[in-house]
Amino acid sequence: KSVLFLTLLLLFLALFPGAFNCCTKLSDEIPKGILRRVERFEIQKAAGLCHLEAIILYIEGRKFCVSPRIRKVKKWMKKNKHKIPRKKNHGKKQRRIKIIKKKQ
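All values reported here derive from a predicted model rather than from experimental measurement. (Residues numbered from 1 in each chain as written. Predicted model: local features only at pLDDT ≥ 70, side-chain atom pairs only at ≥ 80, totals over all residues. Heavy atoms only, no water.)

Colleague: Where do I start with the overall build of the chain in this structure?
Modeller: Helix and strand counts for the chain stand at two helices and three strands. Element order for the chain, N to C, with α for helix and β for strand: α-β-β-β-α. With 104 residues in all, the chain has 26% of them scored as buried. Considering only contacts in the chain between residues 6 or more positions apart, those separated by 24 or more positions represent 49%. (Helix = DSSP H or I, 4+ residues; strand = E, 2+ residues; numbered from the N terminus. Buried < 20%, exposed > 50% of the residue type's maximum accessible area, 1.4 Å probe, protein only. Contact = heavy atoms within 4.5 Å.)

Colleague: Just checking my understanding: could you explain the sheet that holds strand β2 (residues 54-59) for this structure?
Modeller: Strand pairing in a sheet relies on backbone hydrogen bonds, with the paired strands running either antiparallel or parallel. With antiparallel pairing, three strands are arranged side by side in an open sheet as β1-β2-β3. The open sheet is flanked by β1 (40-44) and β3 (62-66), the only strands paired with a single partner. If you compare each strand with its neighbour and ignore which way they point, the axes differ by 25° on average. (Pairing = 2+ DSSP bridges. Axes fitted to C-alpha atoms, helices over the stretch in contact; angles between N-to-C directions.)

Colleague: Honestly, the side chain of Ser 67 in this entry has me stumped. Any pointers?
Modeller: Relative to the assigned elements, Ser 67 resides in the loop between β3 and α2 (71-80). A polar side-chain atom of Ser 67 sits 3.1 Å from the main-chain amide nitrogen of Arg 69. (Polar contact = N/O pair within 3.5 Å; in protein donor to acceptor, adjacent residues only side chain to side chain.)

Colleague: It is not clear to me how the state of the cysteines should be interpreted in this structure. Could you clarify?
Modeller: Covalent bonding between the sulfur atoms of two cysteines is what defines a disulfide. Following the criterion strictly, the structure yields two disulfides and no others. A sulfur-sulfur distance of 1.9 Å marks the disulfide that ties Cys 22 to Cys 50. Between Cys 22 and Cys 50, the S-S dihedral sits near -70°, and the bridge is therefore left-handed. With Cys 22 in the loop between α1 (2-15) and β1 and Cys 50 in the loop between β1 and β2, this pair connects stretches of sequence that are 28 residues apart. Assigned by exposure class, Cys 22 and Cys 50 land together as buried. Note on cysteine connectivity: Cys 23 is disulfide-linked to Cys 65, with sulfurs 2.0 Å apart. What sets the handedness of the Cys 23 and Cys 65 disulfide is the S-S torsion sign, and at about -75° it is left-handed. Of this pair, Cys 23 sits in the loop between α1 and β1 while Cys 65 sits in strand β3, and the two are 42 residues apart along the sequence. Cysteine pairing for the chain, with bonded cysteines counted in sequence order: 1-3, 2-4. (Disulfide = S-S within 2.5 Å.)

Colleague: Looking at this structure, how should I read the pairing of β3?
Modeller: Taken residue by residue, a regular strand's side chains alternate between the two faces of the sheet. Alignment of β2 against β3, held across five bridges, turns out to be antiparallel. Along β3, the bridge assignment pairs Leu 57 with Phe 64. The turn linking β2 back onto β3 is made up of two residues, and Glu 60 within it adopts a positive phi angle of 50°.

Colleague: For this particular structure, what's the right way to read unusual backbone geometry?
Modeller: Residues other than glycine predominantly adopt negative phi, and peptide bonds predominantly adopt the trans conformation. Even without being a glycine, Glu 60 presents a positive backbone phi close to 50°. Among the secondary structure elements, Glu 60 is positioned in the loop between β2 and β3. Under the relative-accessibility criterion, Glu 60 is labelled exposed at 59%.

Limitation: the analysis is restricted to geometry and does not speak to function.
The following block contains the structure:
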């Protein structure tokens, strides 16, 4: 029985890699100065396995889930969207197309 359970668990993890990476609780407040230390962020959509909309902030290897409705966070994201690398959502990967100019 335990071998079957382990096999099913591994199969589930392979099919749904983001299943245990979802934010389940959100903070409605954010301490002063924490936004200055953010290394990267992700936007979690309320679709698929994740049932909450959230902004995931990564600071010193730790993950903080905050509400996307916090005015301070919205303003910060708009101001810093090009400065901090944003990890892509767990959707389809987009291919980059290299455009080569023809010499005339």
